[in-house]
Amino acid sequence: MKALCWHGKKDIRFDTVPDPTIEHPRDAIIKVSSCAICGSDLHLYDGFMPGMMRGDIMGHEFMGEVVEVGAENKRLKVGDRVVVPFTIICGECDQCRRGNFSVCERSNRKKDLADKVFGHSTAGLFGYTHLTGGYAGGQAEYVRVPFADVAPVKVPSTLTDEQVLFLGDIFPTGWQAAAQCEIEPTDTVAIWGAGPVGQFAIRSAILMGARQVIAIDRLPERLSMAAAAGAITINFEEESVVERLNELTAGKGPEKCIDAVGLESHATRSLDAIYDRAKQATMMETDRPHVLREMMYVCRPAGILSVPGVYGGLLDKIPFGAAMNKGLTIRMGQTHVNRWTDDLLQRIEEGQIDPSFVVTHTAPLSSGPEMYKTFRDKHDGCVKVVLKPGHA
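Rules and cut-offs
Residues numbered from 1 in each chain as written. Predicted model: local features only at pLDDT ≥ 70, side-chain atom pairs only at ≥ 80, totals over all residues. Heavy atoms only, no water. Salt bridge = Lys/Arg side-chain N within 4 Å of Asp/Glu carboxyl O. Pairing = 2+ DSSP bridges. Helix = DSSP H or I, 4+ residues; strand = E, 2+ residues; numbered from the N terminus. Phe/Tyr/Trp six-rings, centres within 6.5 Å; stacked < 30°, edge-to-face > 60°. Buried < 20%, exposed > 50% of the residue type's maximum accessible area, 1.4 Å probe, protein only. Lys NZ or Arg CZ within 6 Å of the ring centre and 35° of its normal. Expected span 1.5 Å × (residues − 1). Bend = angle between axes of the 7 residues up to and from the residue. Axes fitted to C-alpha atoms, helices over the stretch in contact; angles between N-to-C directions. Contact = heavy atoms within 4.5 Å. Right-handed = clockwise from strand over helix to strand, strands pointing away.

Peer 1: Is there a simple way to explain the pattern of salt bridges in this structure?
Peer 2: When charged atoms on two side chains of opposite charge get close, those side chains can pair. Summed over the entire model, instances satisfying the criterion amount to 29 salt bridges. In this structure, K77 and D80 form a salt bridge, with 3.0 Å as the shortest nitrogen-oxygen distance.

Structure, rendered in structure tokens:
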């Protein structure tokens with residue numbers, strides 16, 4: 001089959017690789033109908049996440065048709081149309097029973113490696129480094145899905161791929177980011193990053209009843225998309241984020257802050273961002289945490305910081321004293337996708353939200369290497385790329 005494979009920093013190739021096979025009786029093989037490039041894929045593309053090996057298949061946001069099932073998989077049958085969550089879950093361990101699916105205790109097959117790096121292993125993830133299991137990803141014609149009798153979400157034929165594809169990652173990620181904020185009707189929610197996750201966090205915060213939602217970015221197309229949802233927008237290259245947030249909150253700061261950016265923040269005008277780039281270039285720091293610093297500084301005392309943005313390693317100069325003395329609560333983590341999918345699928349079916357709004361570029365899988373660069377450089381107003389295996 002054909003797949004998009006990682007060969008090093010900024011080197012994604014459209015390769016021929018072996019077809020996946022059933023390796024365990026609970027497995028299934030999925031013929032991919034649509035997959036997407038996620039913002040966190042760019043951390044791999046840019047070489048900032050450890051644990052990648054040449055030839056690894058990329059992608060963790062995909063869906064398609066079941067074409068083969070293992071002997072013990074009684075939930076799926078050939079022909080089922082499914083969205084596959086990016087978190088691989090067993091459904092049986094203590095964490096899965098508590099709904100903490102992104103820290104499943106059994107699905108990371110490289111657990112010993114992850115234990116050494118993180119202290120305790122997280123769940124296995126599709127297409128996302130050997131620290132999370134080294135599983136082949138979904139930017140491919142076919143994918144083997146482990147524990148496929150648990151996580152895949154069956155979706156109706158009445159909805160298009162573009163309406164349901166994002167149930168596998170960015171829609172529940174944006175929703176969880178907002179849910180972690182415990183939004184109240186009087187709240188101002190500030191969201192750093194108006195990329196795909198930020199766009200869903202904006203709409204989730206609005207659906208949850210926030211009084212005021214503020215989107216912070218620098219790209220006109222993304223800010224326009226945020227404004228169309230009802231958010232107030234701040235272009236951080238044109239005005240001070242801190243001053244504008246204080247102005248919009250009568251000097252008190254937002255009650256809830258969401259970091260939908262992660263380790264590659266691009267605040268080129270700030271001294272701390274220049275410091276981070278220098279530290280990163282000399283391998284003295286792995287991540288650029290400008291957004292975390294800004295949130296800790298501007299958030300209202302007793303507020304909540306929610307961090308869906310991916311961080312990979314070590315951060316420097318974090319004002320933890322400010323966060324502690326202001327009594328801030330910090331919630332973070334990979335998304336517990338299956339905790340949210342039933343509710344979100346129902347909201348799509350009822351017309352509360354149509355996730356396809358975020359798609360700006362559709363291309364064949366063979367165009368993947370070029371589309372990675374388009375997404376990286378935000379060419380042509382790119383917000384979300386969907387790739388179609390088997391399409392010319």
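Peer 1: How should the sheet that holds strand β2 (residues 12–16) be read in this particular structure?
Peer 2: Strands pair in a sheet through their backbones, by hydrogen bonds, and they do so in one of two ways: parallel or antiparallel. Overall, antiparallel pairing links the three strands, which are arranged β2-β1-β4 in an open sheet. Bordering the open sheet on either side are β2 and β4 (56–57), each of which pairs with just one other strand. Relative to β4, strand β1 (residues 2–6) runs antiparallel, the two sharing two bridges. Bridging from a neighbouring strand, C5 pairs with I57 of β4.

Peer 1: Quick question: what am I supposed to make of the packing of aromatic side chains here?
Peer 2: For any pair of aromatic rings, geometry is given as the distance between the ring centres together with the angle between the planes. All chains considered together, the criterion is met by five aromatic pairs. Both rings, one in F166 and one in F200, keep their centres 6.3 Å apart while their planes meet at 50°; by these two values the pair is tilted. Here F166 is found in the loop between α4 (161–164) and α5 (170–179), whereas its partner F200 is found in helix α6 (residues 196–207), with 34 residues between them in sequence. On the basis of relative accessibility, which here comes to 0%, the residue F200 falls in the buried class. Taken together, the ring pairs connect F166, F171, F200 and F357 into an aromatic cluster. Across from the ring centre of F357, 3.8 Å away, lies the NZ or CZ of R203, which sits over that ring. Sitting over the face of the ring of F375, K378 holds its NZ or CZ atom 5.7 Å from the ring centroid.

Peer 1: Just to check I follow, could you spell out helix α12 (residues 337–349) for this structure?
Peer 2: Since there are 3.6 residues in each turn of an α-helix, residues three or four apart along the chain are aligned in direction. Taking 1.5 Å per residue, 13 residues should reach 18 Å; α12 reaches 18 Å between its end C-alpha atoms and fits that length. At D343, α12 shows its largest bend, some 30°. In the stretch just after α12, G351 is the one whose phi turns positive, near 85°.

Peer 1: I tried to follow the sheet that holds strand β11 (residues 188–192) on my own but got confused; where do I start?
Peer 2: The strand order across the open sheet built from six strands is β13-β12-β11-β14-β15-β16, with neighbouring strands paired in parallel fashion. The strands lining the two open edges of the sheet, one partner per strand, are β13 (232–235) and β16 (329–332). Taken over all neighbouring pairs, the strand axes of this sheet differ in orientation by 20° on average, direction set aside. Summarising the sheet, β11 and strand β14 (residues 256–259) pair through four bridges and their orientation is parallel. Across the sheet, the residue bridging to W192 is D259, located in β14. Lying over the sheet, helix α7 (residues 220–229) contacts β12 (212–217) and β13, oriented at roughly 165° with respect to β13. Helix α8 (residues 241–248) contacts β11, β12 and β13 of the sheet and is inclined by roughly 160° relative to β13.

Peer 1: I tried to follow the pairing of β16 on my own but got confused; where do I start?
Peer 2: On a regular strand, one side chain projects to one face of the sheet and the next to the other, so that they alternate. Pairing of strand β15 (residues 304–307) with β16, which is carried by four bridges, proceeds in the parallel orientation. Note on β16: the bridge partner recorded for I304 is T329. Tracing the backbone out of β15, into helix α11 (residues 320–325) and back to the parallel element β16 gives a crossover that is right-handed.

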